Amino acid sequence: MKVFGPEPEGKRKHTPVVEAPAKVKKGEWFDVKVVVGKDIAHPNTKEHWIAHISLWAGDFLVARADLEPEKAASEVIFKVKLEETTTLTAHAYCNLHGLWHSEEVTVEVEE
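The numbering scheme is per chain: residues are counted from 1 as the chain's sequence reads. In view of the model being predicted, local features appear only for residues whose pLDDT reaches at least 70, and side-chain atom pairs are presented and counted only at 80 or more, with totals across whole chains, interfaces and linings using the full set of residues. In computing side-chain values, all of the structure's heavy atoms are included and hydrogens and water are not.

So, the environment of threonine 89: which residues are in play, and what are the values?
Turning to its location among the elements, threonine 89 is positioned in strand 7 (residues 86-94). Taking the C-alpha atoms as reference points, threonine 89 and histidine 101, twelve residues apart in sequence, are found 7.2 Å from one another. Two residues form a contact once any of their heavy atoms are found within 4.5 Å. When neighbours within four sequence positions are excluded, threonine 89 is seen to be in contact with Val18, Ser54, Leu55, Trp56, Ser102, Glu103 and Glu104. Comment: elements are numbered from the N terminus, with helices defined as DSSP H or I runs of at least four residues and strands as E runs of at least two.

Given below as C-alpha coordinates:
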(Lines give C-alpha, C1' and ligand atoms only; values in the text may rest on other atoms or scores of the structure.)
Protein backbone atom coordinates (compact mmCIF):
# COMPACT_ATOMS: atom_id res chain seq x y z
CA MET A 1 0.00 0.00 0.00
CA LYS A 2 1.31 3.42 -0.92
CA VAL A 3 0.50 6.22 1.47
CA PHE A 4 1.25 9.89 1.03
CA GLY A 5 0.68 11.88 4.18
CA PRO A 6 1.59 11.79 7.84
CA GLU A 7 2.31 8.37 9.34
CA PRO A 8 1.15 6.54 11.40
CA GLU A 9 -1.28 8.72 13.35
CA GLY A 10 -3.33 9.80 10.36
CA LYS A 11 -3.25 6.50 8.49
CA ARG A 12 -6.48 5.10 9.93
CA LYS A 13 -8.32 8.39 9.36
CA HIS A 14 -7.17 8.86 5.78
CA THR A 15 -6.68 5.48 4.09
CA PRO A 16 -9.69 4.55 1.96
CA VAL A 17 -11.14 1.07 2.48
CA VAL A 18 -12.63 -0.75 -0.52
CA GLU A 19 -15.56 -3.08 0.19
CA ALA A 20 -16.44 -5.31 -2.78
CA PRO A 21 -17.65 -8.87 -3.31
CA ALA A 22 -14.97 -11.50 -3.81
CA LYS A 23 -16.78 -12.86 -6.90
CA VAL A 24 -19.17 -11.31 -9.40
CA LYS A 25 -20.79 -12.37 -12.67
CA LYS A 26 -19.26 -11.10 -15.89
CA GLY A 27 -20.96 -7.96 -17.19
CA GLU A 28 -23.37 -7.59 -14.24
CA TRP A 29 -23.55 -4.46 -12.08
CA PHE A 30 -22.46 -4.67 -8.44
CA ASP A 31 -21.76 -2.22 -5.62
CA VAL A 32 -18.30 -1.13 -4.50
CA LYS A 33 -18.27 0.89 -1.30
CA VAL A 34 -15.31 3.12 -0.43
CA VAL A 35 -15.04 4.47 3.11
CA VAL A 36 -12.44 6.93 4.36
CA GLY A 37 -12.00 6.91 8.12
CA LYS A 38 -13.66 3.55 8.66
CA ASP A 39 -11.99 2.91 12.04
CA ILE A 40 -11.46 6.53 13.10
CA ALA A 41 -13.76 9.17 11.60
CA HIS A 42 -12.10 11.70 9.34
CA PRO A 43 -12.99 15.35 10.10
CA ASN A 44 -15.56 16.96 7.82
CA THR A 45 -15.18 20.69 8.33
CA LYS A 46 -14.50 23.65 6.06
CA GLU A 47 -10.91 23.52 7.31
CA HIS A 48 -10.31 19.75 6.96
CA TRP A 49 -12.22 17.31 4.72
CA ILE A 50 -11.92 14.61 2.06
CA ALA A 51 -12.23 16.51 -1.21
CA HIS A 52 -12.66 13.51 -3.52
CA ILE A 53 -12.65 9.72 -3.67
CA SER A 54 -11.80 7.79 -6.83
CA LEU A 55 -12.07 4.10 -7.73
CA TRP A 56 -9.57 2.41 -10.03
CA ALA A 57 -9.68 -0.94 -11.87
CA GLY A 58 -6.03 -1.66 -12.52
CA ASP A 59 -4.71 1.56 -14.13
CA PHE A 60 -8.17 2.65 -15.34
CA LEU A 61 -10.17 5.32 -13.53
CA VAL A 62 -13.68 3.88 -13.05
CA ALA A 63 -15.33 6.73 -11.16
CA ARG A 64 -14.69 9.75 -8.97
CA ALA A 65 -16.87 11.51 -6.42
CA ASP A 66 -16.18 15.11 -5.41
CA LEU A 67 -17.25 15.84 -1.84
CA GLU A 68 -18.35 19.13 -0.34
CA PRO A 69 -17.18 19.88 3.24
CA GLU A 70 -19.90 19.64 5.88
CA LYS A 71 -22.38 18.43 3.22
CA ALA A 72 -21.13 14.98 2.11
CA ALA A 73 -19.69 12.14 4.17
CA SER A 74 -16.40 10.56 3.10
CA GLU A 75 -18.16 7.37 2.03
CA VAL A 76 -19.41 6.51 -1.47
CA ILE A 77 -20.95 3.59 -3.34
CA PHE A 78 -20.03 3.10 -6.98
CA LYS A 79 -22.00 0.83 -9.37
CA VAL A 80 -19.47 -1.18 -11.36
CA LYS A 81 -19.39 -4.01 -13.87
CA LEU A 82 -16.35 -6.00 -14.90
CA GLU A 83 -15.55 -8.24 -17.84
CA GLU A 84 -12.53 -9.95 -16.25
CA THR A 85 -10.94 -10.53 -12.86
CA THR A 86 -9.65 -7.15 -11.74
CA THR A 87 -7.77 -5.48 -8.91
CA LEU A 88 -9.62 -2.50 -7.46
CA THR A 89 -8.02 0.34 -5.51
CA ALA A 90 -9.29 3.65 -4.22
CA HIS A 91 -7.67 7.04 -3.76
CA ALA A 92 -8.83 9.70 -1.34
CA TYR A 93 -7.63 13.28 -1.34
CA CYS A 94 -7.57 15.17 1.97
CA ASN A 95 -7.37 18.94 1.56
CA LEU A 96 -4.69 19.13 4.31
CA HIS A 97 -2.82 15.82 4.09
CA GLY A 98 -2.83 14.97 0.39
CA LEU A 99 -3.47 11.77 -1.54
CA TRP A 100 -4.00 8.38 0.15
CA HIS A 101 -4.25 4.93 -1.49
CA SER A 102 -6.20 1.89 -0.39
CA GLU A 103 -4.99 -1.66 -0.26
CA GLU A 104 -5.71 -3.68 -3.41
CA VAL A 105 -8.91 -5.75 -3.55
CA THR A 106 -9.20 -8.41 -6.25
CA VAL A 107 -12.66 -9.20 -7.61
CA GLU A 108 -12.95 -12.52 -9.44
CA VAL A 109 -15.25 -12.54 -12.47
CA GLU A 110 -17.20 -15.68 -13.24
CA GLU A 111 -18.88 -16.45 -16.57
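Would you mind going over the pattern of salt bridges in detail, with residue names and values included?
Salt bridge, as used here, is a side-chain nitrogen of Lys or Arg placed within 4 Å of a carboxyl oxygen of Asp or Glu. Following the criterion strictly, the structure yields seven salt bridges and no others. Glutamate 75 is the partner of lysine 33 in a salt bridge, and the nearest nitrogen-oxygen pair spans 3.4 Å. One end of the pair, lysine 33, is in strand 3 (residues 30-36); the other, glutamate 75, is in strand 6 (residues 75-80), and 42 residues separate them in sequence. On the basis of relative accessible area, lysine 33 is assigned to the partly exposed category, the value being 26%. You can call glutamate 75 partly exposed: its relative accessible area is 41%. Between aspartate 66 and arginine 64 there is a salt bridge, with its nearest N and O atoms 2.9 Å apart. Under the scheme applied here, a residue whose accessible area is under 20% of the maximum for its type counts as buried, over 50% as exposed, and between as partly exposed, the area being computed with a 1.4 Å probe on protein chains only.

An account of unusual backbone geometry is requested, with residue identities and associated values reported.
Of note in the backbone geometry, glutamate 70 takes a positive phi value of approximately 65° without being a glycine. Take glutamate 70: it is sitting in the loop between strand 5 (60-66) and strand 6. A relative accessible area of 48% places glutamate 70 in the partly exposed class.

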